[in-house]
Amino acid sequence: MAGATYPLEPIDVPQVETKNRKIVTKLPAPESIAVLEKLRETEPLSMSGQPPIVWDRAEGFHVYDRWGNKWLDFTSGVLVASAGHSRPEIAKALKDQVDSGLLHNYCFPSEIRSRLAAKLIECSPAELQKVFLLTTGAEATECCIKLAKTWGQKVGGADKNVFVSFEGAFHGRTLGAQLAGGIPGLKTWINPVDESFVQAPFPGSFRVEDQSFDGFLKVLAEKGVKPGQICGVMTETYQGGDAWFAPVDFVRDLRKWCDDNDVVLIFDEVQAGFGRTGTLFGYEHYGVEADLIACGKGISSSLPLSAVMGRQEILDQYGPGSMTSTHTGSPLCCAAALASLDIVLAENLSANAAEMEKPLQAGLAEIKAKYPDNIANVGGKGLVAALNMVKPGSLDPDPDAAFNIVWKCVQKGLLFFSPVGTQGSAVKISPPLIIDEEAITEGVGVIAEACDEVLG
Ligand code: PLP
């Protein structure tokens with residue numbers, strides 16, 4: 001439920017012990033209450049939105065607390081730990097970097113940053129010729145907005161400044177990222193409205209009737225936007241909250257239209273990048289080239305690092321010293337990212353994600369077949385999926401059902417983050433990419449049990 005918080009009163013839950021899960025206390029664990037209360041006292045309310053599990057350590061695809069409980073992780077810590085939690089190779093790379101004596105170097109050159117930049121370019125599609133390292137996903141999407149707007153001015157003058165994105169999109173929580181975002185509830189504080197940011201319905205949503213590219217052009221025309229005014233279009237490769245992909249033909253038409261109108265096409269790969277969807281970069285599913293991509297999360301499987309990658313002429317628009325960030329390519333973050341990338345490539349985790357999609361989607365399809373009135377859609381590819389919960393007999397989002405399923409699963413030792421997507425109605429599945437079929441099957445079985453208890 002969007003905005004819901006979890007009770008801190010420990011409740012009796014069935015005890016569980018399997019290879020992947022162990023629940024031996026009440027939940028929240030009674031001894032964890034002091035920590036949870038301290039956090040509620042000292043942090044903003046917004047930080048109390050996740051299930052009340054106090055992480056002590058996380059390894060591979062398991063998360064542990066200090067009181068004997070163990071969860072099978074279907075979150076990757078919100079799509080970060082793609083190579084698995086606390087991979088020894090990443091920990092060693094970090095220790096080696098600490099021992100090397102270089103913890104920070106601002107934008108001064110470093111060998112490790114040059115190795116990471118070269119590696120990212122080497123493993124990515126040919127049109128991504130340059131890489132700018134940053135710290136967070138929002139910083140990367142903001143940078144893409146800036147680059148597209150700057151490009152627009154350069155090729156079309158001051159009027160070519162309209163930035164188009166999609167309803168329901170999430171690009172981060174900073175100002176520019178939220179202007180481009182398509183979740184109205186997150187933007188109420190932005191006043192006055194910046195009319196140079198425009199959103200169109202997302203054609204991958206089952207709630208959008210006209211999913212054609214003509215429909216997209218029609219909406220822009222209705223909003224009074226002419227193609228010549230548009231500098232950039234940004235879309236999440238799949239719309240993150242609900243795990244929806246856009247129709248392939250739509251994206252191909254969009255690519256052609258961007259070429260014809262000198263519009264920068266940007267894929268927000270913050271969730272999709274580095275193997276999550278079964279290809280190294282998610283936008284490869286559409287068979288098009290990107291002008292820019294924003295990466296983050298799974299790039300390092302651990303420390304905060306993000307990247308903007310793209311065409312040389314777009315990334316080179318700012319002169320020396322005029323597009324930087326203090327922690328650009330922090331040596332520790334670079335060490336983590338290099339080690340994580342090595343794992344993702346050497347272990348071919350994209351292929352594992354593609355392989356694991358089969359049992360995951362088959363299991364979720366069975367659950368949907370049992371509850372067709374409650375689950376309108378199962379989205380996703382590779383190792384990302386979501387159950388879109390609706391109120392029976394309608395397509396109205398059902399955040400309560402999603403919340404109850406998530407909380408039940410957590411009580412049974414299957415870790416989820418709180419529901420996301422349309423009004424918080426999606427139960428989102430995104431385990432580390434190293435997960436195996438046995439664990440997928442076990443996790444899907446737990447979701448089925450939870451659905452029986454909540455919906456049955
Ligand atoms: N873009 C997408 C698709 C995301 O899912 C997120 C975060 O969830 C962001 C951007 C923002 O990333 P960060 O939270 O690192 O700023």
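Residues numbered from 1 in each chain as written. Predicted model: local features only at pLDDT ≥ 70, side-chain atom pairs only at ≥ 80, totals over all residues. Heavy atoms only, no water.

A. Looking closely at helix α3 (residues 88-100). Along its 13 residues, α3 runs 18 Å from first to last C-alpha, staying within 8% of the 18 Å computed at 1.5 Å per residue. Looking at α3, one finds that the buried residues are Ile-90, Ala-93, Leu-94 and Gln-97. End-on, the buried residues of α3 take up no more than an arc of 100°, which puts them together on one face. In α3, the exposed positions that point more than 90 degrees away from the buried face belong to Pro-88, Lys-92, Lys-95 and Asp-99. The elements touched by buried residues of α3 are α4 (111-123) and α10 (331-346). The first or second residue beyond α3 is Gly-101, which carries a positive phi of 90°. (Helix = DSSP H or I, 4+ residues; strand = E, 2+ residues; numbered from the N terminus. Expected span 1.5 Å × (residues − 1). Buried < 20%, exposed > 50% of the residue type's maximum accessible area, 1.4 Å probe, protein only. Arc of directions from axis to C-beta. Contact = heavy atoms within 4.5 Å.)

B. Quick peek at the site of the ligand. Neighbouring the ligand are the residues Thr-136, Gly-137, Ala-138, Phe-170, His-171, Gly-172, Glu-236, Asp-268, Val-270, Gln-271 and Lys-297. A distance of 2.8 Å separates an oxygen atom of the ligand from a polar atom in the backbone of Ala-138. In this structure, Phe-170 approaches the ligand through a main-chain N or O atom, which is 3.5 Å from a nitrogen atom. In the complex, 80% of the free accessible area of the ligand, which totals 390 Å², lies under the protein chains. The class makeup of the residues in the shell around the ligand is three nonpolar, five polar and three charged. (Near = heavy atom within 4 Å. Polar contact = N/O pair within 3.5 Å; in protein donor to acceptor, adjacent residues only side chain to side chain. Areas by Shrake-Rupley, 256 points an atom, 1.4 Å probe, with all protein chains shown as cover. Nonpolar A, V, L, I, M, F, W, Y, C, P; charged D, E, K, R; others polar.)

C. Here's a closer look at the sheet that holds strand β6 (residues 130-134). Strand order in the open sheet formed by seven strands is β6-β14-β13-β12-β9-β7-β8, and the pairing between neighbours is mixed. Where the open sheet ends on each side, the last strands, each with one partner, are β6 and β8 (197-200). Direction aside, the axes of adjacent strands within the sheet are offset by 20° on average. Relative to strand β9 (residues 230-236), strand β7 (residues 162-166) runs parallel, the two sharing three bridges. Looking across to β9, one finds that Val-162 is bridged to Ile-230. (Pairing = 2+ DSSP bridges. Axes fitted to C-alpha atoms, helices over the stretch in contact; angles between N-to-C directions.)

D. Representation of a negative patch on the surface in the model. A cluster of acidic residues, Glu-209, Asp-210, Asp-214, Asp-249 and Asp-253, forms a negative patch on the protein surface. Assignment of secondary structure puts Asp-253 in helix α8 (residues 248-260). In this structure Asp-253 comes out as partly exposed when scored by relative accessible area, which is 39%. (Patch = residues over 30% accessible without salt bridge, like charges linked within 9 Å, V, L, I, M, F, W, Y side chains within 5 Å. Salt bridge = Lys/Arg side-chain N within 4 Å of Asp/Glu carboxyl O. Lys, Arg positive; Asp, Glu negative; His and termini not counted. Charge placed at Lys NZ, Arg CZ, Asp CG, Glu CD.)

E. Region of the structure containing the nonpolar core. The biggest cluster of nonpolar side chains holds 116 residues, and the ones touching the most others in it are Val-233 and Ile-447. It is α10 that contributes the most residues to this core, ten residues altogether. There are two domains that each give this core at least three residues, and those are domain 1 (16-83 + 349-455) and domain 2 (88-346). If near-sequence neighbours (up to four positions away) are discounted, Ile-447 is found in contact with Phe-74, Leu-364, Ile-367, Leu-387, Cys-409, Leu-414, Phe-416 and Ile-429. Core analysis: the second largest hydrophobic core is formed by 25 residues, Phe-132, Ala-140, Leu-179 and Met-323 among them. (Core = buried A, V, L, I, M, F, W, Y, C linked by side-chain atoms within 4.5 Å. Domains from an automatic or database assignment.)

F. Examining the side chain of Ser-350 more closely. Mapped onto the fold, Ser-350 is located in helix α11 (residues 349-370). With residues up to four places along the chain from it excluded, the contact list for Ser-350 reads Gly-275, Gly-278, Thr-279 and Leu-280.

G. Examining the domain arrangement of the chain more closely. Along its sequence, the chain is organised into domain 1 (16-83 + 349-455) and domain 2 (88-346). Computed over C-alpha atoms only, the centres of domain 1 and domain 2 are separated by 26 Å. Listed per partner, the contact involves 34 residues of domain 1 and 25 residues of domain 2. Carbon and sulfur atoms supply 56% of the area buried between domain 1 and domain 2, which totals about 2200 Å² over both sides. Counting across the domain 1 and domain 2 interface gives zero salt bridges. At the junction of domain 1 and domain 2, the tally comes to 15 residue pairs in polar contact (both at pLDDT 80 or more). Mapped by element, the contributors of at least two residues to the side of domain 1 that touches domain 2 are α2 (76-79), α11, β15 (375-381), β16 (384-389) and β18 (426-429). For the side of domain 1 that touches domain 2, the leading source of residues is β15, giving five residues. Residues belonging to the side of domain 1 that touches domain 2 are distributed by class as follows: 20 nonpolar, eleven polar and three charged. (Buried area = accessible area lost by both parts, 1.4 Å probe.)

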